[in-house]
Amino acid sequence: MHAATKAKERAARFRPAVLGTVLLLFGAAWTWLIQGGASPGAINSPALQALCGDWADGAAAGNQSERSSNDTREGSTSSGSSGDDAAGPSGMRHIYVVGCGHSGTSLLKRTIGNLPGLDCRPKETWLYEHLGGKPDTLKQRLLLWDKQAAERNFTGWVEKTPRHINYLDRIFRLDTKARVVLVVRDGRDVAASLKQRGSPWADCMGRWVKDNSAALPFLDHPRLLTVKFEEFFDPAHVLGVLRQLAEFVGMPATGVERMLLALQPPTALLTADEQCVAYDNEEQKLDDLSSSYLQHLAASSMVGSNSGGSKGREPDPRDHKRRRSWQSSQPWGPQRSVWKERLSTEEQGDIAANGEMQALLRRFGYIA
């Protein structure tokens with residue numbers, strides 16, 4: 001059964017009680033944390049406990065972490081809600097998530113798609129590679145996506161094809177409503193991840209260099225926002241990232257609790273190379289994410305704090321499509337750098353000797 005159908009049935013069963021319960025939980029956790037009265041077990045999910053704790057600290061300290069964004073991000077965000085390049089006369093917002101593969105693009109797309117008002121395209125489309133040379137056909141496809149989103153009362157959509165990072169000029173030229181979220185991750189961790197999936201070692205380094213080099217001319221573009229993997233998956237910075245994303249994509253004003261829900265996976269396990277659910281409407285989305293939060297909370301409590309409430313059996317790392325859908329079905333959680341553990345001394349030496357990779361690592365602030 002399709003994930004959206006499962007979500008709809010589950011939401012219908014739990015709708016009367018779930019949303020109110022979730023908001024009460026959020027409100028209570030937030031109040032306790034700010035007042036310093038929460039016990040370590042107040043929120044059983046390690047990720048959510050850390051997340052709420054840092055949010056409380058941020059609120060008390062004036063949200064200092066939100067003001068640590070880089071110059072590129074500030075420039076992009078400041079232009080996010082004005083001019084002809086915003087939603088356009090139709091009111092539709094076009095959000096593209098790009099980045100080198102294995103940089104967290106799937107989880108970021110899911111999160112953006114979970115924000116209010118946005119429809120999420122579940123699969124990669126390769127639109128600008130397949131139809132980039134046929135602008136009239138491409139624009140008809142965009143109009144179709146607009147129509148599909150509008151029919152479900154959404155005011156925009158988010159699409160993710162990592163290799164669109166190589167077609168940024170086409171995106172900005174052919175879609176005047178385009179907003180691009182570029183995800184950047186430490187190339188050493190990307191190389192380690194690609195190696196784990198079975199890619200040849202030289203390709204692991206070369207792909208990161210090629211893709212991120214293609215983005216360099218556009219880093220200061222007013223319709224591009226750069227998000228670092230390490231900040232998105234860091235409890236101390238994720239709130240700032242969420243708020244920057246919300247402003248950049250033109251999301252209506254909302255509370256912290258609703259932003260937290262955007263980090264949640266759907267209740268159903270995603271399949272068939274999907275990375276998010278195309279919900280029927282905003283109400284179904286909110287109900288499903290609220291149910292997911294309670295599901296996550298209960299699973300974490302039952303199976304132990306170290307599991308985080310994972311869903312389904314983890315596929316083989318070499319089964320890329322199934323693994324990507326599985327990863328997109330899991331709760332948000334802090335991620336740490338692992339390249340020192342996964343790469344041999346020889347491989348680390350190869351990276352240190354790769355001048356192009358070193359230059360890019362320095363450009364994105366990963367080495368001095």
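Residues numbered from 1 in each chain as written. Predicted model: local features only at pLDDT ≥ 70, side-chain atom pairs only at ≥ 80, totals over all residues. Heavy atoms only, no water.

**A short note on unusual backbone geometry**
Worth spelling out the cut-off: Secondary structure elements follow DSSP: runs of H or I no shorter than four residues count as helices, runs of E no shorter than two count as strands, and numbering proceeds from the N terminus. Only protein chains enter the area calculation, which uses a 1.4 Å probe; residues under 20% of their type maximum are buried, those over 50% are exposed, and those in between are partly exposed.
Located in the positive-phi region is H102, a residue other than glycine, with phi close to 70°. Tracing the backbone shows H102 in the loop between β1 (93-98) and α4 (105-113). With a relative accessible area of 15%, H102 lands in the buried category.

**Examining the packing of helix α8 (residues 187-196) against helix α9 (residues 201-215)**
Here is the rule: The angle between two axes is taken between their N-to-C directions and runs from 0 to 180 degrees, where each axis is a line fitted to C-alpha atoms and a helix contributes only its stretch in contact. Roughly parallel here means an angle under 35 degrees, roughly antiparallel means over 145, roughly perpendicular means 65 to 115, and every remaining angle is called oblique. Should the near helix be turned counterclockwise from the far one by less than a right angle, the crossing is left-handed, whereas a clockwise turn marks it as right-handed. Residues count as neighbours in contact if any of their non-hydrogen atoms are within 4.5 Å of one another.
For the pair α8 and α9, the least separation of the axes is 9 Å and the interaxial angle reads 140°. The pairing of α8 with α9 is recorded here as oblique in orientation. For the element pair α8 and α9, the recorded crossing hand is right-handed. Along its contact with α8, which presents G187, V190, A191, L194 and K195, the element α9 presents W201, C204, R207 and W208.

**Describing the pattern of salt bridges**
Using the following cut-off: A carboxyl oxygen of Asp or Glu within 4 Å of a side-chain nitrogen of Lys or Arg is what we treat as a salt bridge.
Taken as a whole and judged by the stated rule, the model has 15 salt bridges. Across the pair K160 and E124 runs a salt bridge, and its minimum N-O distance is 2.8 Å. Here E124 lies in the loop between β2 (118-120) and α5 (127-130) and K160 lies in strand β3 (residues 156-160), a separation of 36 residues in the sequence. With respect to class, K160 is no different from E124; both count as buried.

**Let's talk about the packing of aromatic side chains**
Where two aromatic rings form a pair, the distance of their centres and the angle of their planes describe that pair. Defined as follows: Ring pairs shown here join Phe, Tyr and Trp side chains whose ring centres sit within 6.5 Å, with only the six-membered ring taken for Trp; geometry is labelled stacked below 30 degrees between planes, edge-to-face above 60, and tilted in between.
Summed over the entire model, instances satisfying the criterion amount to six aromatic pairs. Pairing W145 with W157 gives two aromatic rings, centres 4.9 Å apart and planes at 90°, and the pair type is edge-to-face. Taken together, the positions of W145 in helix α6 (residues 135-151) and W157 in strand β3 put the pair 12 residues apart, joining distant regions of the chain. This pair shows no difference in class: W145 is buried, exactly as W157 is. Taking the centre distance of 4.6 Å and the plane angle of 45° together, the rings of F229 and F233 count as tilted. Classification of F229 by relative accessible area gives buried; the value is 8%. We classify F233 as buried; its relative accessible area is 6%. What links up through ring pairs into an aromatic cluster is the set Y96, Y128, W145 and W157.

**Quick notes on the nonpolar core**
To be explicit about the condition: We define a nonpolar core as any set of buried Ala, Val, Leu, Ile, Met, Phe, Trp, Tyr and Cys residues linked to one another through side-chain atoms lying within 4.5 Å.
Y96, Y128, L142, L168, V180, L182 and W208 are the most contacted members of the largest nonpolar core, which has 51 residues in total. Here this core takes six residues from α9, the largest share from any one element. Ignoring anything within four residues of it in the chain, the contact list for L142 reads Y96, L127, Y128, W157 and D175. L115, L118, M259 and L263 belong to the second-largest nonpolar core, a separate cluster that totals 31 residues.

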